[in-house]
Amino acid sequence: MIDPISLGIGAFSALQGLMDIFGNFKNAQAQYKLLVQQWQDEARERREDYIMQAADLEQRMREVNTQAGADELERKLELQREQARLEVATGEAGISGNLAERLLVDAEQAAGRDIGTIKYNRDVQIGQAVRQGLALQRRARPPKLYAQKPSLGMALLRSGLAIGGGYLSAYQESQRLGGGRSRIVTVPKPKSSSKPKVR
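Re the overall build of the protein
Okay, so step 1: From N to C terminus, the protein includes 3 helices and 0 strands.
Okay, so step 2: The linear arrangement of helices and strands in the protein, starting from the amino end, is α-α-α.
Okay, so step 3: Within the span of the protein, comprising 199 residues, buried residues form 19% of the whole.
Okay, so step 4: Taking contacts inside the protein between residues at least 6 apart in sequence as the whole, the part at least 24 apart equals 88%.

In structure tokens, the structure reads:
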């Protein structure tokens, strides 16, 4: 038979374990909610940062296109002015034939090379902006949430184990106080007769 004092100690220990488990469960829930809130805040900050930087990249790409278009137009106008000067110069000098045409072709080729360089530089700058935009998209992804939502079932399982452990420790304590002797009382069987009595 279990000592009532040991039983009380075991019950108190089990109750204390149960309260600890539920306290830990509530703390884990609060910590999980805090982690989720921090995760949401960081995801929102990343999204907002991405939107701002993407707008800056888009503006830069428009500026690159505009500047390249303006440079190309300016070079074409410069070519036309140069062609007009060459025509006037060759006409006044009385130069005609292959030499005059060669001067015009050289001017056109130089302008073509310059325009090609302008387009190439524009494409390189736009390519860099596109790569930066892709990198921004990767950084804008929400971070991974490495947290597991606390389970009430697991908390109840732990509390059940704590209660069982409390009772087991109370039983062991009662056995220790009893000197290791068993306190199980055996009741002798009543002597029965071979014939049942009928009334």
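Okay, back to it.
Let's talk about helix α2 (residues 98-140)
Okay, so step 1: For α2, built from 43 residues, the straight-helix expectation of 63 Å at 1.5 Å per residue is met to within 8% by its first-to-last C-alpha distance of 62 Å.
Okay, so step 2: Taken together, the buried positions of α2 are A100, A107, A111, I115, I118, I126, G127, A129, G133, A135, L136 and A140.

Details of the confidence of the model for the protein
Okay, so step 1: Summarising the model, the protein shows a mean pLDDT of 80, and 87% of its residues fall at 70 or more.
Okay, so step 2: Per-residue pLDDT, averaged within each element of the protein, yields its smallest value for helix α3 (residues 152-177) (76) and its largest for α2 (88).

A look at the side chain of Q83
Okay, so step 1: Its place among the elements puts Q83 in helix α1 (residues 4-93).
Okay, so step 2: Not counting residues up to four positions away in its chain, the partners in contact with Q83 are L104 and E108.

Overview of the environment of T90
Okay, so step 1: Considering the arrangement of structural elements, one finds T90 in helix α1.
Okay, so step 2: For T90, a relative accessible area of 10% gives the class buried.
Okay, so step 3: Once the C-alpha coordinates of T90 and L103 are considered, the two residues, 13 residues apart in sequence, prove to be 9.3 Å apart.
Okay, so step 4: Residues contacting T90, with those up to four places away along its chain left out, are I95, A100 and L103.

Some words on the environment of Q132
Okay, so step 1: Mapped onto the elements, Q132 comes out in helix α2.
Okay, so step 2: A sequence separation of 78 residues divides Q132 from A54, and the C-alpha atoms of the two residues are 8.9 Å apart.
Okay, so step 3: Apart from residues lying up to four places away in sequence, Q132 is in contact with L57 and R60.

Some words on the pattern of salt bridges
Okay, so step 1: Using the criterion set out here, one finds 9 salt bridges in the structure.
Okay, so step 2: With a closest N to O distance of 3.0 Å, R81 and E74 form a salt bridge.
Okay, so step 3: Given the relative accessible area of 40%, E74 is considered partly exposed.
Okay, so step 4: Across the pair R75 and E78 runs a salt bridge, and its minimum N-O distance is 3.6 Å. Taken as a pair, R75 and E78 lie in helix α1 at a separation of 3 residues, close to a single helical turn.

Digging into the side chain of E72
Okay, so step 1: As for its placement among the helices and strands, E72 is situated in helix α1.
Okay, so step 2: Under the relative-accessibility criterion, E72 is labelled buried at 13%.
Okay, so step 3: Dropping the residues within four chain positions of it, E72 is found in contact with I115, I118 and K119.

Thresholds applied
- Once a new chain begins, its residue numbering starts again from 1 and follows that chain's sequence as written.
- Totals for whole chains, interfaces and linings use every residue, but because this is a predicted model, local features are given only for residues with pLDDT of at least 70 and side-chain atom pairs only at 80 or more, for both listing and counting.
- Side-chain measures here rest on the full set of heavy atoms in the structure, leaving out hydrogens and waters.
- The helix and strand labels rest on DSSP assignments: H or I over at least four residues marks a helix, E over at least two residues marks a strand, and numbering proceeds from the N terminus.
- Buried residues are those whose accessible area, probed at 1.4 Å on protein chains only, stays under 20% of the maximum for their type, while exposed residues exceed 50% and partly exposed ones sit between those limits.
- Whether two residues are in contact is decided by their heavy atoms, any of which lying within 4.5 Å being enough.
- What a helix should span is 1.5 Å times the count of its residues minus one.
- Note: pLDDT gives the predictor's confidence per residue, expressed from 0 to 100.
- Each salt bridge in this description consists of a side-chain nitrogen of Lys or Arg and a carboxyl oxygen of Asp or Glu lying within 4 Å of one another.

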